[in-house]
Amino acid sequence: MEDVFSNFDLVLKAFWLTVQLAFLSGVAAMLLGTLLAAMRVGPVAVLRGVASTYVTLVRNTPLLVMCVFVFVASPNLGLFVDTPFLLKGTIAISLYTAPFVAEAIRSGINAVPVGQAEAARAIGMTFAQNMRHVVLPQAFRATVPPLASTLIAMTKNTSVVAVFGLTEATARMRDFVNDNADDTIAIFLVFALGYIILVELISLAALGLERHWKAAR
Amino acid sequence: MTVTDDVPVGNSAPRSGEPLVELVDVQKWYGGLHVLQDINLSVGRGEVVVVIGPSGSGKSTLCRTINRLEPIDSGQILVDGAALPQEGKALARHRADVGMVFQSFNLFAHKTILQNVALGPIKVRKQAKDAAEAHARELLDRVGVAHQADKYPAQLSGGQQQRVAIARALAMEPKVMLFDEPTSALDPEMIKEVLDVMVDLAERGMTMIVVTHEMGFARTAANRVVFMADGRILETADPETFFTHPESDRARDFLGKILKH
């Protein structure tokens, strides 16, 4: 008990790393996921194939395997050799999360009435303009609840990189537990509460977005 | 080319013998169903053509082929002398010149009325935002919904939404306007306000192809009526002749059904 509170700066530091991992991975996964979703509904057959292959391959691979690839296997291919660990973690988590984002967004795209896209085409918009100005803004609205779930799962998934030398929250928790075998309950509660707060922030942001967009139509 | 509000909307005065839209031997199948058969139609500049016929006759499909929302299987479609491009940027450019009004309005649900009208000019025509919005306000004024400019489509009545949809199409300064059953989704008391806008447009010289069941509009505004059934054009005549002396049995039968009530 003493240890985890007297060294609370270590707890905060660890959660700060978790926040950085979650934020960077979240942004990257959203960008890549949106691109994949647009490719899958787009007019170019080759891109449709590439995107759906990526979704199938990566969605069917455990995150731990993706981490082994980025941290351990890819340096042997000459990839990510001098990449900082934070960046490697971000790459692994965002590559893994992107297909889930893509599928959530694709479900949102399918929920946009086809007449919206037709009207955009009818005034001469290209596919990219149609996506950017008409379809995706509406798809994102329908996508907020499933996207929030995906980002919450991703935030908790950042704990996997604890295995690969990044002292984020779960790794720090393990260190505390190793040093204080009689205080494990308190340590568990402190770290669980930390994750709950982080995740709740995402839920609240999602709720806020839903309310905001409900007002604007 | 510049078009101001003071002159007719059409790009040039009506000139007979020079078709703006031409369909030549157009064929289209949905699987085994031959929905457009041997369609030949030529629409002159400034001409208003009304397409009528029973449901399933292919009239909406015909309308939608002209900006390639429906691709055709064979034949040729020319707009202003140029063949319809395949998919891609050239097709997008073509569509910018062909206005379309849908049965279900299809206003962009996440944009305000003003944004709906100004979006195409800004993004497609690359006009400055101020100029595009000023022009959008003029068009909204012309169709009588200027005071709704900052609302969202769902806050407007169907008739208002459809008038906005017409303004949105006009904002692109199209060479021709396609109307795909523009009043079929409207409550009866809102039909007139939309038809009035369309009649005004016709009087200003816009080239129009209108799929509709509104016989009153056909009589007032149309230069020609095209009657379709089973994917074919069975009859083409001026409205007076068509409504008083239809040639085909199908047309007589159809008119008998809709005009009796």
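Residues numbered from 1 in each chain as written. Chains lettered and ligands numbered in written order. Predicted model: local features only at pLDDT ≥ 70, side-chain atom pairs only at ≥ 80, totals over all residues. Heavy atoms only, no water.

## Observations regarding the overall build of chain A
Phase 1: Scanning chain A from N- to C-terminus turns up 9 helices and 0 strands.
Phase 2: Written out in order from the N terminus, the α and β elements of chain A read α-α-α-α-α-α-α-α-α.
Phase 3: Counting only C-alpha atoms, chain A reaches 70 × 50 × 25 Å along its principal axes.
Phase 4: Considering only contacts within chain A whose residues lie at least 6 apart along the sequence, 75% involve residues at least 24 apart.
Phase 5: When the accessible surface of chain A is split by element, carbon and sulfur atoms take 68% of a total near 10800 Å². (Helix = DSSP H or I, 4+ residues; strand = E, 2+ residues; numbered from the N terminus. Contact = heavy atoms within 4.5 Å. Areas by Shrake-Rupley, 256 points an atom, 1.4 Å probe, with all protein chains shown as cover.)

## Side note on the packing of helix H5 (residues 158–170) of chain B against helix H6 (residues 188–203) of chain B
All names here are of chain B.
Phase 1: Interaxial distance between H5 and H6 falls to 8 Å at its minimum, and their mutual angle equals 20 degrees. Between H5 and H6, the angle falls in the class roughly parallel. Here the hand of the crossing between H5 and H6 comes out right-handed. Mapping the contact onto sequence places Gly158, Gly159, Gln160, Gln162, Arg163, Ile166 and Leu170 in H5 and Met190, Glu193, Val194, Val197, Met198 and Leu201 in H6.
Phase 2: Classifying every residue of the contact of H5 with H6 gives 7 nonpolar, 4 polar and 2 charged. (Axes fitted to C-alpha atoms, helices over the stretch in contact; angles between N-to-C directions. Parallel < 35°, antiparallel > 145°, perpendicular 65-115°, else oblique. Left-handed = near helix turned anticlockwise from the far one by under 90°. Nonpolar A, V, L, I, M, F, W, Y, C, P; charged D, E, K, R; others polar.)

## Digging into the pattern of salt bridges
Residue and element names in this part refer to chain B.
Phase 1: Counting across every chain of the model gives 22 salt bridges over all chains.
Phase 2: Its salt-bridge partner being Lys28, residue Glu70 comes within 3.8 Å of it at the nearest N-O pair. One end of the pair, Glu70, is in the loop between helix H1 (59–65) and strand S4 (74–79); the other, Lys28, is in strand S1 (residues 19–30), and 42 residues separate them in sequence. For the pair Glu70 and Lys28, one class covers both residues: buried.
Phase 3: A salt bridge links Asp97 to Lys175, with the nearest nitrogen and oxygen atoms 3.7 Å apart. Placement of Asp97 in the loop between helix H2 (89–96) and strand S6 (98–101) and of Lys175 in the loop between H5 and strand S7 (176–180) is noted, with a sequence separation of 78 residues between them.
Phase 4: By relative accessible area, Lys175 is classed as partly exposed at 21%.
Phase 5: The network of salt bridges with common partners includes Arg45, Asp80, Asp97, Arg125 and Lys175. (Salt bridge = Lys/Arg side-chain N within 4 Å of Asp/Glu carboxyl O. Buried < 20%, exposed > 50% of the residue type's maximum accessible area, 1.4 Å probe, protein only.)

## What about the nonpolar core?
All names here are of chain B.
Phase 1: By size, the foremost hydrophobic cluster in this structure holds 54 residues, and its most contacted members are Ile166, Met177 and Met208.
Phase 2: It is H6 that contributes the most residues to this core, 9 residues altogether.
Phase 3: Setting aside residues up to four positions removed in sequence, Met208 forms contacts with Glu47, Val48, Val49, Met177, Phe179, Met198, Leu201, Ala202 and Phe217.
Phase 4: With 37 residues, the next largest nonpolar core counts Leu36, Ile39, Val49 and Cys63 among its residues. (Core = buried A, V, L, I, M, F, W, Y, C linked by side-chain atoms within 4.5 Å.)

## Digging into the sheet that holds strand S2 (residues 33–44) of chain B
Note: strands within a sheet are paired through backbone hydrogen bonds, in either parallel or antiparallel orientation.
All names here are of chain B.
Phase 1: Reading across the sheet, the 4 strands line up as S2-S1-S4-S5 and stay open at both edges, with antiparallel pairing between neighbours. The sheet is open, and its two borders are formed by S2 and strand S5 (82–83), each paired with just one other strand.
Phase 2: Both S1 and S4 contribute to a ladder of 5 bridges, which runs antiparallel. Opposite Gln27, over in S4, you have Ser74 as the bridge partner. (Pairing = 2+ DSSP bridges.)

## Points about the interface of chain A and chain B
Phase 1: Counting from both sides, the interface comprises 19 residues of chain A and, opposite them, 25 residues of chain B.
Phase 2: Interface area for chain A against chain B, summed over the two sides, is near 1900 Å², with a carbon-plus-sulfur share of 62%.
Phase 3: For the interface between chain A and chain B, the tally reads 1 salt bridge.
Phase 4: Between Glu118 of chain A and Arg64 of chain B there is a salt bridge, with the nearest N and O atoms lying 2.5 Å from each other.
Phase 5: If you look at where chain A meets chain B, you find 7 residue pairs in polar contact (both at pLDDT 80 or more).
Phase 6: Taken together, the elements giving at least two residues each to the side of chain A that touches chain B come down to helix H6 (114–122) and helix H7 (127–157) of chain A.
Phase 7: With 7 residues, the top contributor of residues to the side of chain A that touches chain B is H6 of chain A.
Phase 8: Residue composition of the side of chain A that touches chain B, by class: 8 nonpolar, 7 polar and 4 charged. (Buried area = accessible area lost by both parts, 1.4 Å probe. Polar contact = N/O pair within 3.5 Å; in protein donor to acceptor, adjacent residues only side chain to side chain.)

## Digging into a nonpolar patch on the surface
Phase 1: Residues Leu193, Ile196, Ile197, Leu201, Leu204 and Leu207 of chain A make up a contiguous nonpolar surface patch of about 590 Å² in total accessible area.
Phase 2: Inspection of the secondary structure assignment puts Leu193 of chain A in helix H9 (residues 184–215). (Patch = residues over 30% accessible without salt bridge, like charges linked within 9 Å, V, L, I, M, F, W, Y side chains within 5 Å.)

## Notes on the pairing of strand S3 (residues 48–52) of chain B
Residues and elements named next belong to chain B.
Phase 1: Of all the 5 residues making up S3, 5 are buried; the element is thus mostly covered by neighbouring parts of the structure.
Phase 2: Because side chains alternate across S3, one face comprises the buried residues Val48, Val50 and Ile52, and the other comprises Val49 and Val51, equally buried.
Phase 3: Where S3 meets strand S8 (residues 207–211), 4 bridges bridge the pair, whose relative direction is parallel. Across the sheet, Val48 pairs through a bridge with Met208, a residue of S8.
Phase 4: Two strands pair when backbone bridges link them, and S3 and strand S9 (residues 224–229) are joined in this way by 4 bridges, in the parallel orientation. Looking at the pairing, Val51 lines up with Val226 of S9.

## Thoughts on the side chain of Ser57 of chain B
Phase 1: Here Ser57 of chain B shows up in the loop between S3 and H1.
Phase 2: Classification of Ser57 of chain B as buried rests on a relative accessible area of 1%.

## Looking at the sheet that holds strand S10 (residues 232–237) of chain B
All names here are of chain B.
Phase 1: An order of S6-S7-S8-S3-S9-S10 is seen for the 6 strands of this open sheet, with the pairing classed as mixed. On the outer flanks of this sheet lie S6 and S10, each paired with one strand and no other. Across the sheet, the axes of successive neighbouring strands diverge by a mean angle of 20 degrees, strand direction being ignored.
Phase 2: Sheet analysis places S7 next to S8, joined by 5 bridges and oriented parallel. Considered in S8, the bridge of Val176 is made with Thr207.
Phase 3: Sheet strands touched by H6: S3, S7 and S8. Its angle to S8, the strand with the most contacts, is close to 145 degrees.

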